[in-house]
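Residues per chain, in single letters:
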Amino acid sequence: MKRRTGQDRSITDTWRPATRAVRGGTARSEFGETSEAIFMTSGYAYDCAGDAAARFAGEQQGMTYSRLQNPTVEMLEHRIALLEGAEACRTMATGMAAMTAVLLSQLQTGDHVVAGRAAFGSCRWLVDTLLPKFGIATTVVDARDPQQFEDAVRPETKVFFFETPANPTMDVVDLKAVCDIARARGITSVVDNAFATPALQRPMEFGADVTAYSATKMMDGQGRVLAGAVCGTKEFIDKTLLPFTRNTGPTLSAFNAWVVLKGLETLDLRIRRQSENAMKVASFLETRVPTVLYPGLPSHPQHNLAMSQMEAAGPIFAVLLDGGRTQAHGLLDGLELIDISNNIGDSRSLMTHPASTTHNSVSPEKREEMGVTEGMLRLNVGLEDPQDLIDDLDRALGKIGL
Ligand SMILES: *Cc1c(COP(=O)(O)O)cnc(C)c1O
């Protein structure tokens, strides 16, 4: 009997999520390797000139050039699409390449975008600086309130762009409410789902049109490579995104694609354990610092909403200290185990001061408006024993008198 292939959607669509994560997208070469092969090649050879012509004309299946297609990269794209429940996926070199491509590929001068104001620093830069430079108007709203999206809509509004939970304020967006507003008006909703990943939250089930990822974060999950991805309908990916990315070239390398393929095999295990660890660490911190912003805690103002659209709250949360930057830096400097690092999604616990790192390029006024205060610290809880993390934080808090 023929072995089941990971690329036949009539088969893989019947698989349950855990099977998809391990086997989805796998295409074996003639060697029968169990782990996916890394095809480090820029080009492809043809049996005859006619084949080359037929492939370029789109009349023959096959690869032509690795900016356009690569077997390892396509395995990853199949796997992410399956996990997302999307018709199609395209990967990119980084998360920001994905965000840039998803916006620029569908927008033109005269269009308007409504975006969540709490967002990853570079995503805010796209909205505040890049798009307006090309005559694309943007409005930022408090994405916690769906009505603000509705009120900001203009006849020329083409895209809603937001993340949930948002970086680093942990604002939660009501996916169904906001995506319904977009649907009713023919607006494309684009959700940056990096914090949750499809293991915890599948925005398309709530009506999102497009999801975009920094796969650098939980999908790799071990702090090794940069990668990005965009999921949507086949029509959106093939007709809107692909012409842009094929010609501008933010292509993911085959090696990095392979690393993320391996990461996806353990994504579900890692993100659930890291969410459990984050709950323990956040519950401890709640007894010691003025504010903990974690959607997993009942004290989070949007706890119920978060839990209605996420399977767990994820590994990332923020704390607010009263003593501003001095106290926040003091806490970081007192840590002995948790690293001072601005990455997230790693299996190591990492902590950063967003105002002076990830959101340094956002003006102080905009930071204030986004809720990124001088006393805010963001924590990515890893796979270490949570008690060791609590001990480390306990010691560091003691050193700054908390
Ligand atoms: C990290 C991140 C990005 C950017 O991804 P890169 O892979 O670093 O380019 C975008 N959005 C969110 C929410 C992120 O956390």
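Owing to the predicted nature of the structure, the values given are computational and were not obtained by experimental measurement.

A. Region of the structure containing the overall build of the protein. Check the secondary structure of the protein and you find 15 helices and 12 strands. Here the C-alpha radius of gyration of the protein, 22 Å, is about what a compact globule of 402 residues would show, namely 21 Å. Along the first, second and third principal axes, the C-alpha set of the protein runs to 75 × 50 × 35 Å. Expressed as a percentage of the 402 residues in the protein, the buried residues total 54%. In the protein, the proportion of contacts linking residues at least 24 apart, taken out of those at least 6 apart, comes to 71%.

B. Representation of the pairing of strand β2 (residues 112-116) in the model. For β2, a buried count of 5 out of 5 residues is recorded, marking the element as mostly surrounded by other parts of the structure. Here β2 shows two buried faces, one formed by H112, V114 and G116 and the other by V113 and A115. The sheet contact formed by β2 and strand β3 (residues 137-141) spans 5 bridges and is parallel. Within β3, the position partnered with H112 by the bridge is A137. Taken together, β2, helix α6 (residues 121-133) and β3 form a β-α-β motif whose crossover is right-handed.

C. Summary view of the UniProt feature "modified residue: N6-(pyridoxal phosphate)lysine" (unreviewed entry) in the protein. According to UniProt, the positions carrying the feature "modified residue: N6-(pyridoxal phosphate)lysine" (unreviewed entry) are K217. Secondary-structure assignment places K217 in the loop between β6 (210-214) and β7 (228-232). Look at K217 and you get buried, because its relative accessible area is 12%. If near-sequence neighbours (up to four positions away) are discounted, K217 is found in contact with F120, N343, I344 and G345.

D. Inspection of the packing of helix α4 (residues 71-84) against helix α11 (residues 254-286) at higher detail. One can describe the packing of α4 onto α11 by two numbers: an axis separation of 8 Å at closest approach and a directional angle of 35°. As for the relative orientation of α4 and α11, their crossing is left-handed in sense. Residue-level contacts link T72, V73, M75, L76, R79, I80 and L83 of α4 to A254, A257, W258, V260, L261, L264 and E265 of α11. Class assignment for the residues of the contact of α4 with α11 results in 11 nonpolar, 1 polar and 2 charged.

E. Representation of empty space enclosed by the protein in the model. Going through the model one piece at a time under the given rule, you end up with 3 cavities of 30 Å³ or more. As for the largest cavity, its lining consists of 17 residues, of which R67, L68, E77, T91 and T251 are closest to the centre. Looking at the lining of the largest cavity, the elements with two or more residues in it are α4, β1 (88-92) and α10 (234-248). The space that makes up the second largest cavity amounts to roughly 40 Å³. Forming the boundary of the second largest cavity are A115, G116, A119, C123, V127, F161, F162 and E163. When residues of the lining of the second largest cavity are traced back to their parent elements, those giving at least two are β2, α6 and β4 (157-163). Per-element accounting of the lining of the second largest cavity gives the leading share, 3 residues, to β4. For the lining of the second largest cavity, the class distribution of residues is 6 nonpolar, 1 polar and 1 charged.

F. Here's a closer look at a nonpolar patch on the surface. Taken together, the side chains of I38, M40 and F255 make up a nonpolar region of the molecular surface, amounting to roughly 290 Å² of accessible area. Locating M40 in the fold gives a position in the loop between α2 (17-23) and α3 (49-56).

G. Structural view of helix α13 (residues 324-333). By the burial criterion, the buried members of α13 are G324, Q327, A328, L331 and L332. Each buried residue of α13 sits inside an arc of 140° when the element is viewed along its axis, so together they form one side. The exposed set on the far side of α13, more than 90 degrees from its buried face, consists of T326 and D333. Buried-residue contacts for α13 involve β10 (339-340), β11 (350-352), β12 (376-380) and α15 (386-399).

H. Summary view of the pattern of salt bridges. Here the structure, examined in full by the defined rule, presents 31 salt bridges. Between R202 and E311 there is a salt bridge, and its shortest N-O distance comes to 2.8 Å. Within this pair, whereas R202 is found in the loop between α9 (197-200) and β6, its partner E311 is found in the loop between α12 (303-309) and β9 (316-320), the two being separated by 109 residues in sequence. By relative accessible area, E311 is classed as partly exposed at 42%. Taken together, the salt bridges that share partners define one network made up of R202, E205, D268, R272 and E311.

About the cut-offs
Residues numbered from 1 in each chain as written. Predicted model: local features only at pLDDT ≥ 70, side-chain atom pairs only at ≥ 80, totals over all residues. Heavy atoms only, no water. Helix = DSSP H or I, 4+ residues; strand = E, 2+ residues; numbered from the N terminus. Rg over C-alpha atoms; globule rule 2.2 N^0.38 Å. Buried < 20%, exposed > 50% of the residue type's maximum accessible area, 1.4 Å probe, protein only. Contact = heavy atoms within 4.5 Å. Pairing = 2+ DSSP bridges. Right-handed = clockwise from strand over helix to strand, strands pointing away. UniProt positions renumbered as here; feature names shortened; annotations may be inferred. Axes fitted to C-alpha atoms, helices over the stretch in contact; angles between N-to-C directions. Left-handed = near helix turned anticlockwise from the far one by under 90°. Nonpolar A, V, L, I, M, F, W, Y, C, P; charged D, E, K, R; others polar. 1 Å grid on protein atoms, 1.4 Å probe; cavity = no way out; pocket = protein on both sides within 12 Å on 5 of 7 lines; lining within 4 Å. Points joined across faces, edges and corners; volume = space filled by probe spheres on them. Patch = residues over 30% accessible without salt bridge, like charges linked within 9 Å, V, L, I, M, F, W, Y side chains within 5 Å. Areas by Shrake-Rupley, 256 points an atom, 1.4 Å probe, with all protein chains shown as cover. Salt bridge = Lys/Arg side-chain N within 4 Å of Asp/Glu carboxyl O. Arc of directions from axis to C-beta.

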